[in-house]
Protein chains: 2
Amino acid sequence: MTILSFFTRASSRAFNGYPLSSKLLLLSSLSLSGGGVVAYSESQADVSKTSVQTNEKDRKKKRVVVLGTGWAGISFLKDLDISAYDVQVVSPRNYFAFTPLLPSVTCGTVEARSIVEPVRNMMKKRNGEVRFWEAECMKIDAANKKLLCRYTVENNSVGNDEFSLDYDYLVIAVGAQVNTFNTPGVLENSHFLKEVEDAQKIRRSVINCFEKAVLPGLSEEERRINLHFVIVGGGPTGVEFAAELHDFVKEDLVNLYPMVKDLVKITVIQSGDHILNMFDERISCFAEQKFCRDGINVQTGCRVISLSDKEITMKLKSTGEICSLPRGLVVWSTGVETRPVVKNFMDQIGQANRRVLATDEWLKVKGCEDVYALGDCATINQRKIMVFPFDLEFIFCNINFVLVETTELSTNNDSYFSIVFLQEDIAAIFKAADKDNSGFLTIKEFEDVIDDILVMYPQVKHYLRTKQLRAVTDLLKDSRGNHRDEVDIEGFKLALSHVDTQVKNLPATAQVAAQQGEYLSKCFNRMNQCEYNPEGPRHFKGSGRHQFRPFQYKHFGQFAPLGGEQAAAELPGDWISMGRSTQWLWYSVYASKQVSWRTRVLVVSDWTRRFIFGRDSSRI
Amino acid sequence: MTILSFFTRASSRAFNGYPLSSKLLLLSSLSLSGGGVVAYSESQADVSKTSVQTNEKDRKKKRVVVLGTGWAGISFLKDLDISAYDVQVVSPRNYFAFTPLLPSVTCGTVEARSIVEPVRNMMKKRNGEVRFWEAECMKIDAANKKLLCRYTVENNSVGNDEFSLDYDYLVIAVGAQVNTFNTPGVLENSHFLKEVEDAQKIRRSVINCFEKAVLPGLSEEERRINLHFVIVGGGPTGVEFAAELHDFVKEDLVNLYPMVKDLVKITVIQSGDHILNMFDERISCFAEQKFCRDGINVQTGCRVISLSDKEITMKLKSTGEICSLPRGLVVWSTGVETRPVVKNFMDQIGQANRRVLATDEWLKVKGCEDVYALGDCATINQRKIMVFPFDLEFIFCNINFVLVETTELSTNNDSYFSIVFLQEDIAAIFKAADKDNSGFLTIKEFEDVIDDILVMYPQVKHYLRTKQLRAVTDLLKDSRGNHRDEVDIEGFKLALSHVDTQVKNLPATAQVAAQQGEYLSKCFNRMNQCEYNPEGPRHFKGSGRHQFRPFQYKHFGQFAPLGGEQAAAELPGDWISMGRSTQWLWYSVYASKQVSWRTRVLVVSDWTRRFIFGRDSSRI
């Protein structure tokens, strides 16, 4: 059942941009007419429409500007009712890229073109018009609800490259950039794997390493160095790239460069104790064993401290020892950080001290009106139900300070921020639940508010699952496990004291971004409707209900392809799957999740091509 | 019959690198075994083999170095008996590109990857070893039979980038570079269409022009300028690109950028009076009418004199008037010139004053031993049978000079060069034919040498065809058309006086290069055999026969795709074909001419994809 529902969801999640039947019809009509037939029936707008000035009719509609066309942005746009809003999209890329297949592009298992779909293509079939600008947002002016954008391509073109846009609602979905942790030499000497262009560049570079290594006049040591591929970061991307590279070398390149086949070395450097440490331990272990058999060198517990044009220098975390490795191609895949435009925006809205832009549970940016942020550029600041026990000492040290400058601090620093809310939350919940103001909460009273608690504080549900408690009321049992009929505020606090340990930041994955986009579009579509009929949980601190239910992430599982037609996967229901069959599951899921029939056909034919002809090693 | 033989030849010309059946077998075996099976059965050479030092066994073999992996080089390598030679290939590109499809790549009708095939892939199935170096030949040292090569990719790699190679035979097939005719601003401000990278760059730039043109804040005039695509050069490449671009705009881009569909303008600038002027007049005319209907602006009789970042300045040849056009993207496709490395080589061997490297009819470089040149980098200096009548005055002015310094001059200047030979040739032919030394040539005597004349002087055959003479002996008729039984030397000269008007340089096409490569490989394969049993025509000036028959070009026709599923073609037998059916002929021929089954499948599936889904407009 789990697998079935997983598939159903996965395939229903595909955007189905192009119904296949209509396309086949088009093909046959083209063939019959001898080709050259072009459908001009699309509604063709006037040139003046490209001006940012909207016409009278559109002025009545609220202006929504979406920044970014990644998973979050596109997923938001796909479900948004664009007849209800005046929608504009700003992105330096006029396409959506199916990023989970980027590692496959680096070695030519899949072509770059097969994983991209033009945004305009995806939008043109919609009722209404989405205006797209291929530009980069340089500055968000939250006070005036204005954006400064710039066309950043060097193209010898005429006309002003800069323009500004006004918005009523802003959706920030610009993603994040690679985090080098300020390691010296990384920007200059390594490859990243964030964009389609990065993957194409890596592909060319891998071939170049081989071509250089076989040239006459090099010593064997020099050949070895050129063929030493180093991947920094043992997360899913780094591991998948290492696996793809290993397959590329073993299945294709050794046949073309037989003279250096024994000199190739692949090293994965991971700062943690295991690669894939966000996965279940069994998967980490399986991956490490597989890599060991394949001869991929895994160095765990190492932090890269610098990268020169010839060497990579690392520090062993356990001993503090520093060592250097001569290296060929280096791919840096260690994590992400906030983009400059978002950083600047955070400065404006009082989030300067934070690492990542914070939103509330409704993806609304904290400290700012009408701005939403989703995907990798933001994190949800999940409200906590209680003070963590281990925070107590910290609170006592700072208590005066907190009490004095609450308002200002609350937006400046995560820790204070949480603390101030928490103290209020637990009391507010108790107060709201204790209808008869008896100072005691009965089971009945607790049951009345429990649904709202579960929606507002998903950590309660996680806590119950972790502790294997069956009913929420089990929380109220006393220390010996006996049922109690009622608890006072102190007992209530004690019962919920460990719940917040289950608060976790969502991972920076496509899955999270896509779900957030879908969620936000549903909110936008029912903005008016829910203003009068709010559907969210009750306000514990005030009266009435929240307008919408908060965003809740559903984890549908995660894959880690390990090369040699083997993969590992964490599936819903804590189910772990590893091996060949998982790789075929991976093929099915990734084919079904493609955003259009075009890319689906291309990706599948790329896989087939690889089986028949191998990967292409032309350096283009 | 003509069409049939054309097809047969076309398909037999395909290299058939991968037998399809074996690949399908591989696929099924891979599926059965669950994937991951890698064939390691290829002979794996030792690392030491990469050194340029050849081992003892190989030292006995003559070292052949091939520069370039284009049509000429690959066609030479494909048929060469590599077990008989120690073969090395030097090229900055590790792949062969099917250049006739480059214009299709510019607009995404065909993907770049679909028209390239790695050289190593093409070579690995051969009996013996071809060593390939991805490097550029920087200098040919003809005196010492040495080459200086350099690895030119910036890749942070270790080890010396330069190395030298010794050769016994050198085959220069480096092609040519774009000729800007020193027009100011062309290098900086225009695109070329020679390499795969050029085509990819044009594709991105076309999309960028559209994206820039729809941005807010531009005037209509600015939008128009950004969407003004200018193609300089009305040859097959320029015309095909214009046609492809027009189709891309009309079939795909107008649907995605409807607001600017009426602002797009395509201009073809041609210095001659007609576009496609190397084709039959009917084709030029058909193309011009087609372009006129499509709204493609054709400006003939215009020479571009400069190109700035905003404007293109032209001179009308008829009136001398100078005018400027504001322009968007400019593609420069006007002709080719010699590459620097070849120019330097020409300086060394006394061809400094020539525009193009000259070879004899056996593709051997004049003024140099054991060096052959083929494809676009060289021209065959076809020996002439007679002095051109219009050269007479020139000869009289220079006659003393010629007589004094014959040897030195003969390699320095084309005109002198020919003259000196010609005077000898006609006399030598007469002398060789006049067996009884009677001072008169009988029809019988003429018939005995006519086969050798036809082989050595193909212009005689062309002349007969042009004058619609049936038999060669018709040449000896007197001025009234009456048969003569014999002619003296003056009569013989008169009879052949106009033959040399038929001497033409071969066009810089893939077809010529491929035939030259094939021809040269056959010569190399029978080098020893023909040394003792020469198979060429007789030496008129000395005794014996030439070692090989000279290279003779067979024109199999030429296509000019004109967009909208229409094409024009010049087919063998002076047959002209135009329209839809010709486009389908084009599809068939180009599919069959692919160098491997892989590229064939990819190209055909690209065409199919375009019919179903249209062209991709993602800017990658």
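Per-chain numbering applies: the sequence of each chain, read as written, is numbered from 1 onward. Here every chain gets a letter starting at A, and every ligand a number starting at 1, in the order they are written. Under the rules for a predicted model, residues below a pLDDT of 70 receive no local features and side-chain atom pairs below 80 are neither given nor counted, while totals for whole chains, interfaces and linings still include all residues. As a rule here, side-chain values cover all heavy atoms of the structure and leave hydrogens and water aside.

1. Notes on the pattern of salt bridges
Residue and element names in this part refer to chain B. When a carboxyl oxygen of Asp or Glu is within 4 Å of a side-chain nitrogen of Lys or Arg, the pair counts as a salt bridge. Enumeration according to the criterion identifies 60 salt bridges over all chains in this entry. Linking Arg203 and Glu111 is a salt bridge whose minimum nitrogen-to-oxygen distance equals 3.1 Å. Of this pair, Arg203 sits in helix α8 (residues 196-213) while Glu111 sits in the loop between α5 (102-106) and β4 (116-118), placing them 92 residues apart in sequence. Note on accessibility: Arg203 and Glu111 belong to one class, buried. When the shortest N-O distance is used, the salt bridge between Asp606 and Arg609 registers 3.6 Å. Taken as a pair, Asp606 and Arg609 lie in helix α22 (residues 597-613) at a separation of three residues, close to a single helical turn. By the burial criterion, Asp606 is buried, and Arg609 matches it. Where helices and strands are cited, they refer to DSSP runs of H or I of at least four residues and of E of at least two residues respectively, numbered from the N terminus. Throughout, exposure labels follow a simple rule: accessible area from a 1.4 Å probe, protein chains only, divided by the maximum for the residue type, with under 20% read as buried, over 50% as exposed, and the rest as partly exposed.

2. Structural notes on the packing of helix α16 (residues 443-456) of chain B against helix α17 (residues 458-466) of chain B
When two helices pack together, their arrangement is captured by the angle between the axes and the distance separating the axes. Residues and elements named next belong to chain B. For every element, the axis is a line fit to its C-alpha atoms; helices are fit only across the contacting stretch, and the angle between N-to-C directions ranges from 0 to 180 degrees. With their axes 4 Å apart at the nearest point, α16 and α17 run at an angle of 95° to one another. If you check the angle between α16 and α17, you find them roughly perpendicular. Across the interface between the two elements, Ile453, Leu454, Val455 and Met456 from α16 touch Pro458, Val460 and Lys461 from α17. An angle below 35 degrees is treated as roughly parallel, one above 145 as roughly antiparallel, one from 65 to 115 as roughly perpendicular, and anything else as oblique. Here a residue-residue contact requires only that any non-hydrogen atoms of the pair lie within 4.5 Å.

3. Some remarks on helix α4 (residues 71-79) of chain B
Residues and elements named next belong to chain B. When you tally the buried positions in α4, you get seven out of nine residues, the bulk of the element. All of the buried residues along α4 are Trp71, Ala72, Gly73, Ile74, Ser75, Phe76 and Leu77. Residues of α4 that are buried sit in contact with β1 (62-67), β2 (85-91), β3 (95-97), α6 (119-123), β9 (169-172) and α19 (510-525).

4. Thoughts on unusual backbone geometry
Residues and elements named next belong to chain B. A positive phi angle, near 55°, is found at Asn182, a position not held by glycine. By secondary structure assignment, the location of Asn182 is in the loop between β10 (177-178) and α7 (186-189). Relative accessible area serves as the criterion here: at 73%, Asn182 is assigned to the exposed category.

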